[in-house]
Amino acid sequence: MTHDWEPRRPPLHDVSAPGEPPFTRGIYPTMYRGKLWTMRQYAGFGTAEETNARFRHLLDAGQTGLSVAFDLPTQMGYDSDHRMAEGEVGRAGVAIDSVEDLDRLFQGIPLDKVSTSMTINATAAILLAMYVTVGEEQGVPLAKLQGTLQNDILKEYIARGTYIYPPAPSLRLVADVFRFTSAHTMSFNPISISGYHMREAGATAVQEIAFTFANALEYVRGARSAGLAIDDFAPRISFFFAAYTNLFEEIAKFRAARRLWARLMKGAPLRFHAQTGGATLTAQQPLNNVVRVAIQAMAAVLGGTQSLHTNSYDEALALPTELSATLALRTQQLLAHETGVPDVVDPLGGSFYVETLTDRIETQARQLVEEVEAGGGAVQAIERGFFQEAIARSAYEQQREIEAGKQVVVGVNEYVTGEAVPPIAAPDYSRLADQQRRRLAELRGKREGGRVTSTLGALEAAAREPGAPLMEPILDAVRARATLGEISDVFRAAWGVHDPR
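To start, this report covers the structure provided alongside it.

Cut-offs and rules
Residues numbered from 1 in each chain as written. Predicted model: local features only at pLDDT ≥ 70, side-chain atom pairs only at ≥ 80, totals over all residues. Heavy atoms only, no water. Helix = DSSP H or I, 4+ residues; strand = E, 2+ residues; numbered from the N terminus. Expected span 1.5 Å × (residues − 1). Buried < 20%, exposed > 50% of the residue type's maximum accessible area, 1.4 Å probe, protein only. Polar contact = N/O pair within 3.5 Å; in protein donor to acceptor, adjacent residues only side chain to side chain. Phe/Tyr/Trp six-rings, centres within 6.5 Å; stacked < 30°, edge-to-face > 60°. Core = buried A, V, L, I, M, F, W, Y, C linked by side-chain atoms within 4.5 Å. Axes fitted to C-alpha atoms, helices over the stretch in contact; angles between N-to-C directions. Parallel < 35°, antiparallel > 145°, perpendicular 65-115°, else oblique. Left-handed = near helix turned anticlockwise from the far one by under 90°. Contact = heavy atoms within 4.5 Å. Nonpolar A, V, L, I, M, F, W, Y, C, P; charged D, E, K, R; others polar. Salt bridge = Lys/Arg side-chain N within 4 Å of Asp/Glu carboxyl O.

**Brief notes about helix α4 (residues 124-138)**
Now for step 1: The end-to-end C-alpha distance of α4, which contains 15 residues, comes to 21 Å, matching closely the 21 Å that a straight helix rising 1.5 Å per residue would cover.
Now for step 2: Most of α4 sits inside the fold, with 12 of its 15 residues counted as buried.
Now for step 3: Among the residues making up α4, those that are buried are Ala124, Ala125, Ile126, Leu127, Leu128, Ala129, Met130, Tyr131, Val132, Thr133, Val134 and Gly135.
Now for step 4: Directly beyond the C-terminal end of α4, a positive phi value near 85 degrees is found at Gly139.

This is how it looks when you write it as structure tokens:
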């Protein structure tokens with residue numbers, strides 16, 4: 001993005017007071033003067049017990065919300081003993097095969113006292129059903145469960161790849177989660193529409209918000225087509241964006257995103273979570289990442305995020321250690337309590353430069369949204385490869401600039417010292433996988449087989465009946481101790497799997 005000093009229109013033309021549409025300056029009148037952002041560190045590895053220990057450590061260290069990372073088999077709807085899970089159990093996150101694993105994950109953590117975010121998409125409805133069941137068994141009613149389900153399947157087709165079913169039935173599952181959380185008046189965001197993964201794949205700041213909002217409009221259409229009133233679900237739509245190191249561009253991006261969403265949705269406030277940029281972390285000179293993360297966190301806070309995850313400096317090398325994860329949390333706490341930044345709402349509002357950038361990003365993003373809509377919406381754009389090709393071009397341009405030395409990455413293409421990348425010991429994943437397989441065998445041996453078969457049969461009948469509710473039969477199967485893989489297989493049988501070719 002080129003930067004100049006000639007705005008399209010006078011700065012402050014579209015800047016209302018904080019808490020007033022179009023929310024350029026923030027969605028609450030007092031922002032962090034009234035309440036700090038939620039410090040929600042993303043964690044998950046190995047078994048439920050190990051992740052539970054990390055959760056407890058972070059809560060004791062002052063974290064104010066939980067965020068769960070799941071391993072790839074869980075994300076792809078395979079049990080840990082499936083051949084497709086070989087070598088992946090517990091690696092990218094925690095392995096969850098049944099509601100009993102999720103119960104272990106939250107052992108000693110009362111679900112009515114903590115807000116939980118779950119980064120899960122293709123199997124999101126199953127994990128929500130497990131969370132509801134754990135709450136029931138803790139004695140926590142549905143209305144008191146708080147949290148966010150990512151449940152953003154469209155960006156999986158675009159940038160991440162953990163989809164299972166074709167788009168149409170996948171969108172049906174998303175809409176049914178909307179229906180369920182609304183019907184039970186849950187304090188649970190049924191979706192967190194994510195630009196983060198597209199940015200990590202190489203999207204520009206403009207593409208990140210434009211493509212995210214194009215997906216959002218598709219979800220809104222899908223929910224309304226399923227018979228939901230927009231007021232029943234729109235207030236609970238949330239978003240997830242990246243925070244990168246170009247400080248002013250990122251601040252302007254968040255301001256522009258709020259304003260554009262308010263215009264697209266007739267005055268709706270944009271609530272979002274931010275995470276510092278994983279793709280910006282370097283294995284070379286990893287301590288430099290501490291500084292990168294601090295700058296990115298500052299951008300998110302100055303941009304008005306509602307919750308924030310700060311990456312650990314060693315994540316380019318391995319799973320974060322307890323020490324590095326604590327330092328990442330301390331980065332947020334220092335920002336909150338020692339800088340004075342939260343004392344002022346939108347402190348860069350009115351800056352000639354920031355207002356110009358905000359205008360420009362909003363204008364360019366809106367043009368992209370309109371281009372997607374004119375072509376039939378996000379699903380058709382995915383099928384044409386529109387998003388994928390645009391992101392690939394941007395990623396190529398960024399990498400070419402780095403390799404040509406036009407974009408400096410400290411410690412990588414400039415200020416290189418030649419020091420070796422430090423080794424970090426990895427967990428014994430084969431032991432973790434063996435433990436999960438034993439637990440699955442024990443579960444299948446003790447549960448009531450007839451009840452499992454009956455509930456899975458009812459679920460398949462619902463899946464094959466257009467428009468039938470899905471969350472209730474999923475819940476029945478989860479309560480009967482059907483596994484995540486067994487439930488996913490029911491949908492595979494009914495709907496097939498998505499072939500990107």
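Resuming the write-up.
**A closer look at the side chain of Arg259**
Now for step 1: Inspection of the secondary structure assignment puts Arg259 in helix α10 (residues 247-264).
Now for step 2: Only 2.6 Å separates the side chain of Arg259 from the side chain of Asp359, close enough to count as a polar contact.

**Quick look at the packing of aromatic side chains**
Now for step 1: Enumeration according to the criterion identifies 21 aromatic pairs in this entry.
Now for step 2: Ring centres of Phe106 and Tyr131 lie 5.4 Å apart, and the angle between their planes is 80 degrees; this geometry places the pair in the edge-to-face category. Here Phe106, found in the loop between α3 (99-105) and β3 (115-119), pairs with Tyr131, found in helix α4; they are 25 residues apart in sequence, far enough to count as distant. The same class applies to Phe106 as to Tyr131, namely buried.

**Observations regarding the nonpolar core**
Now for step 1: Formed by 133 residues in total, the largest nonpolar core has its most connected members in Phe239, Phe387, Ile474 and Phe491.
Now for step 2: Looking at this core, the element that brings in the most residues is helix α8 (residues 205-225), giving 11 residues.

**Focus: the packing of α8 against α10**
Now for step 1: Look at α8 against α10: their axes get within 10 Å of each other, and the N-to-C directions meet at 25 degrees. With respect to α10, the element α8 is oriented roughly parallel. Handedness of the crossing formed by α8 with α10: right-handed. The residues of α10 that touch α8, namely those facing Ala205, Glu208, Ile209, Phe213 and Ala216, are Glu249, Glu250, Lys253, Ala257, Leu260, Trp261 and Leu264.
Now for step 2: Counted by class, the contact of α8 with α10 contains eight nonpolar, no polar and four charged residues.

**Examining the pattern of salt bridges**
Now for step 1: Scanning the entire structure with this criterion turns up 35 salt bridges.
Now for step 2: For Arg199, the salt bridge identified is with Glu250, shortest N-O distance 3.1 Å. Here Arg199, found in helix α7 (residues 196-200), pairs with Glu250, found in helix α10; they are 51 residues apart in sequence, far enough to count as distant.
Now for step 3: Several salt bridges share partner residues, and in doing so they unite Asp79, Asp81, Arg444, Arg447 and Glu486 into one network.

**What about the environment of Ala262?**
Now for step 1: Counting through the fold element by element, Ala262 comes out in helix α10.
Now for step 2: In this structure Ala262 comes out as buried when scored by relative accessible area, which is 5%.
Now for step 3: Along the backbone, Ala262 and Phe23 are 239 residues apart, and their C-alpha atoms lie at a distance of 7.3 Å.
Now for step 4: For Ala262, the residues in contact, after removing those within four places along its chain, are Pro22, Phe23, Gly267 and Ala268.

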